[in-house]
Amino acid sequence: SQQGEEDPQALSIQEGENATMNCSYKTSINNLQWYRQNSGRGLVHLILIRSNEREKHSGRLRVTLDTSKKSSSLLITASRAADTASYFCATDARSGAGSYQLTFGKGTKLSVIP
Amino acid sequence: SQTIHQWPATLVQPVGSPLSLECTVEGTSNPNLYWYRQAAGRGLQLLFYSVGIGQISSEVPQNLSASRPQDRQFILSSKKLLLSDSGFYLCAWSQGYSNQPQHFGDGTRLSIL
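The model shown is predicted, which means the values in this text are computed figures rather than measured ones.

Chemist: Whenever I open this one, the packing of aromatic side chains confuses me. Can you help?
Modeler: What characterises a pair of aromatic rings is the spacing of the ring centres plus the angle enclosed by the ring planes. Taken as a whole, this structure holds seven aromatic pairs over all chains when the rule is applied. Consider the rings of B:Y36 and B:F104, whose centres lie 5.6 Å apart with planes at 35°: the pair is tilted. Placement of the pair is B:Y36 in strand β4 (residues 32–38) and B:F104 in strand β10 (residues 103–104), with a sequence separation of 68 residues. What makes B:F104 buried here is its relative accessible area of 9%. By the ring-pair criterion, three or more aromatic residues cluster together here, those being A:Y35, A:F104, B:Y34, B:Y36 and B:F104.

Shown next, in the form of structure tokens:
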């Protein structure tokens, strides 16, 4: 079953505005990660937040994590047309083989209009 | 620095034909390797992962198989493709412990006719 679910499914904003995407998950996690995917390309890792962290920043990105609500948010400030992409959250779970697998949500498609 | 190569970028195959997609990683040793499939407008579905040479775990019963003949080589195969095998296939690697990101190739767009 899908562990992470992003909300909204699609988001359209004007350049310069902030974009907020949310992710909810169902079970306990070690960490939560956000990825970006440009159309037709592979995913690119943006930021990782551990379960004992509440907030993390990277450039124009701000991620929050609320483990009591099993939710996370990704904020992109001062958006640019180049931020147009799909954004996915992913949660990890340790498998019996010792591999750390990620379970991805369906993503939020962000369109930034110049 | 580490790089991941995945090929081909696009592939059109007839139903019933075989498949072989290759992924190689450079600049690291003993990575965890993953094959995902992404349907249009959907999230990623984990198909296979490997923690070492010859060690393959399957997540979803299907028409596909995977092999890891060398430490940094991961191959996705099928003996007979189905229409439902169409999709965007992504290979990824990570270090073998938690709190590490996965690094993705640019994917293969597979169309079955």
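Now that the structure has been shown, the text picks up again.
Chemist: For this particular structure, what's the right way to read unusual backbone geometry?
Modeler: The general pattern is negative phi for most residues beyond glycine and trans for most peptide bonds. The amide bond that connects A:D7 to the next residue, A:P8, takes the cis arrangement and shows omega of 0°. Considering the arrangement of structural elements, one finds A:P8 in the loop between β1 (5–7) and β2 (10–14). With an omega of 0°, the peptide bond running from B:W7 to B:P8 counts as cis. Topologically, B:P8 is positioned in the loop between β1 (3–7) and β2 (10–13). Of note in this structure, A:A78 is not a glycine but carries a positive phi near 45°. Residue B:N30 is not a glycine yet carries a positive backbone phi of 50°. With respect to the helices and strands, the residue B:N30 is situated in the loop between β3 (19–26) and β4.

Chemist: Teacher, can you tell me more about the sheet that holds strand β3 (residues 19–24) of chain A here?
Modeler: The pairing of strands in a sheet comes from backbone hydrogen bonds and takes either a parallel or an antiparallel form. All names here are of chain A. Strand order in the open sheet formed by five strands is β1-β3-β8-β7-β6, with antiparallel pairing between adjacent strands. Every other strand in the sheet has two partners, leaving β1 and β6 (55–58) as the edge strands with one partner each. Neighbour-to-neighbour, the strand axes of this sheet turn through a mean angle of 20°, independent of strand direction. For β1 and β3, the ladder comprises three bridges, and the chain directions are antiparallel. Within β3, the position partnered with E5 by the bridge is S24.

Chemist: In this structure, what is going on with the interface of chain A and chain B? I would like to understand it.
Modeler: In many analyses, interface size is given as the accessible surface area lost on bringing the parts together. Chain A puts 24 residues into the contact, and the matching count from chain B is 25 residues. Here chain A meets chain B over a buried area of about 1900 Å², counting both sides, of which 50% is carbon and sulfur. Joining chain A to chain B, the criterion identifies one salt bridge. Among the salt bridges present, the one from A:R41 reaches B:D106, with a minimum N-O distance of 3.1 Å. Summed over the shared surface of chain A and chain B, the result is four residue pairs in polar contact (both at pLDDT 80 or more). Taken together, the elements giving at least two residues each to the side of chain A that touches chain B come down to β4 (31–37), β5 (43–50), β9 (85–94) and β10 (100–104) of chain A. Looking at side-chain class alone, the side of chain A that touches chain B contains eight nonpolar, 12 polar and four charged residues.

Conventions we followed
- Residues numbered from 1 in each chain as written.
- Chains lettered and ligands numbered in written order.
- Predicted model: local features only at pLDDT ≥ 70, side-chain atom pairs only at ≥ 80, totals over all residues.
- Heavy atoms only, no water.
- Phe/Tyr/Trp six-rings, centres within 6.5 Å; stacked < 30°, edge-to-face > 60°.
- Helix = DSSP H or I, 4+ residues; strand = E, 2+ residues; numbered from the N terminus.
- Buried < 20%, exposed > 50% of the residue type's maximum accessible area, 1.4 Å probe, protein only.
- Pairing = 2+ DSSP bridges.
- Axes fitted to C-alpha atoms, helices over the stretch in contact; angles between N-to-C directions.
- Contact = heavy atoms within 4.5 Å.
- Buried area = accessible area lost by both parts, 1.4 Å probe.
- Salt bridge = Lys/Arg side-chain N within 4 Å of Asp/Glu carboxyl O.
- Polar contact = N/O pair within 3.5 Å; in protein donor to acceptor, adjacent residues only side chain to side chain.
- Nonpolar A, V, L, I, M, F, W, Y, C, P; charged D, E, K, R; others polar.

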